[in-house]
Amino acid sequence: AWSNTATVDVTMTALDSRRVYNFPMDSDPGWSSDASWAFGQPTGEGSHSMDPTSGATGNNVYGYNLSGDYANSLSERYLTTMAIDCSNLTDTELRFQRWLGVERFDEAGIEVSNNGTDWIQVWLNPQGNPVTKKMAARAIQTCKFDPED
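Since this is a predicted model, take the numbers as computed values, not measurements.

K.L.:
Any chance you could break down the overall build of the protein for me, citing the residues and the numbers?
P.N.:
On a plain count of helices and strands, the protein comes out with one helix and 10 strands. If you list the helices and strands of the protein from N to C, you get β-β-β-β-α-β-β-β-β-β-β. Out of the 149 residues in the protein, the part that is buried amounts to 36%. Counting only carbon and sulfur atoms, one obtains 43% of the accessible surface of the protein, whose full area is about 8400 Å².

In C-alpha cells form, the structure reads like this:
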C-alpha cells in the first residue's frame, strides 16, 4: 500500500486574487477528521520511505497516517474544514499544496457542499498515475456548483 499523505495548505481566493481564507498549517486549524487523519510533522516513512518529512510551508501537514502507509481495502476517510462562507463571493477558487501517494486503483478527492449535507466532487486524482513525489500546487474553482443538479 502507498501512503495517503495529503499535505494541505489551503487558501480560498476570489478570482480577483483577494485572499478570503487561508490555512497555512503553522498551527492546527482544528478541522474535523476520521480516524488516522492527523495534524503534525510527517515522518517520511510511507510510500516506501519516500513521503515528505515536512509540509510545503513549514513542518506541519494534515495527512493520513503521518508515520506510514494506509491499510489495504481502506474505506473512505474524510478530513473536513469548518464551514467556509462563500455566499457573498463569486468565482472562488480553492488553492492547495498536496503530496499524494495512492495505489493505482485507489482514489483521493475533494468535495464541496453549500449545506453540509449534499457534497459535490470537484477533484479526483487521475487513476494510473497516482504518485506525486513532490509538493504539487493545485487550483480548483469551487463556488459554481449546485448539489441539486
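Still to come is the rest of the account.
K.L.:
Any details on the pairing of strand β5 (residues 61-64)? Residues and values, ideally.
P.N.:
With burial as the criterion, each face of β5 is covered, one bearing Val61 and Gly63 and the other bearing Tyr62 and Tyr64. Pairing geometry for strand β4 (residues 37-40) and β5, over four bridges, is antiparallel. Looking at the pairing, Trp37 lines up with Tyr64 of β5.

K.L.:
I'd like a rundown of the packing of aromatic side chains, residues and numbers included.
P.N.:
The tally for this structure, following the rule as stated, stands at five aromatic pairs. Plain terms: the ring middles of Phe23 and Trp31 are 5.3 Å apart, the flat faces sit at 80° to each other, and that makes the pair edge-to-face. With centroids separated by 5.8 Å and ring planes inclined at 80°, the aromatic side chains of Trp37 and Tyr64 adopt a geometry described as edge-to-face. Taken together, the residues span a long stretch of sequence, with Trp37 in strand β4 and Tyr64 in strand β5 at a distance of 27 residues. An aromatic cluster of three or more residues is present, and its members are Phe23, Trp31, Phe39 and Tyr62.

K.L.:
Break down the side chain of Asn125 for me, citing the residues and quoting the values.
P.N.:
Mapped onto the elements, Asn125 comes out in the loop between β9 (120-124) and β10 (136-141). Residue class for Asn125 comes out buried when judged on its relative accessible area of 2%. Only 2.5 Å separates the side chain of Asn125 from the backbone nitrogen of Ala108, close enough to count as a polar contact.

What counts, and where the lines are drawn
- Residues numbered from 1 in each chain as written.
- Predicted model: local features only at pLDDT ≥ 70, side-chain atom pairs only at ≥ 80, totals over all residues.
- Heavy atoms only, no water.
- Helix = DSSP H or I, 4+ residues; strand = E, 2+ residues; numbered from the N terminus.
- Buried < 20%, exposed > 50% of the residue type's maximum accessible area, 1.4 Å probe, protein only.
- Areas by Shrake-Rupley, 256 points an atom, 1.4 Å probe, with all protein chains shown as cover.
- Pairing = 2+ DSSP bridges.
- Phe/Tyr/Trp six-rings, centres within 6.5 Å; stacked < 30°, edge-to-face > 60°.
- Polar contact = N/O pair within 3.5 Å; in protein donor to acceptor, adjacent residues only side chain to side chain.

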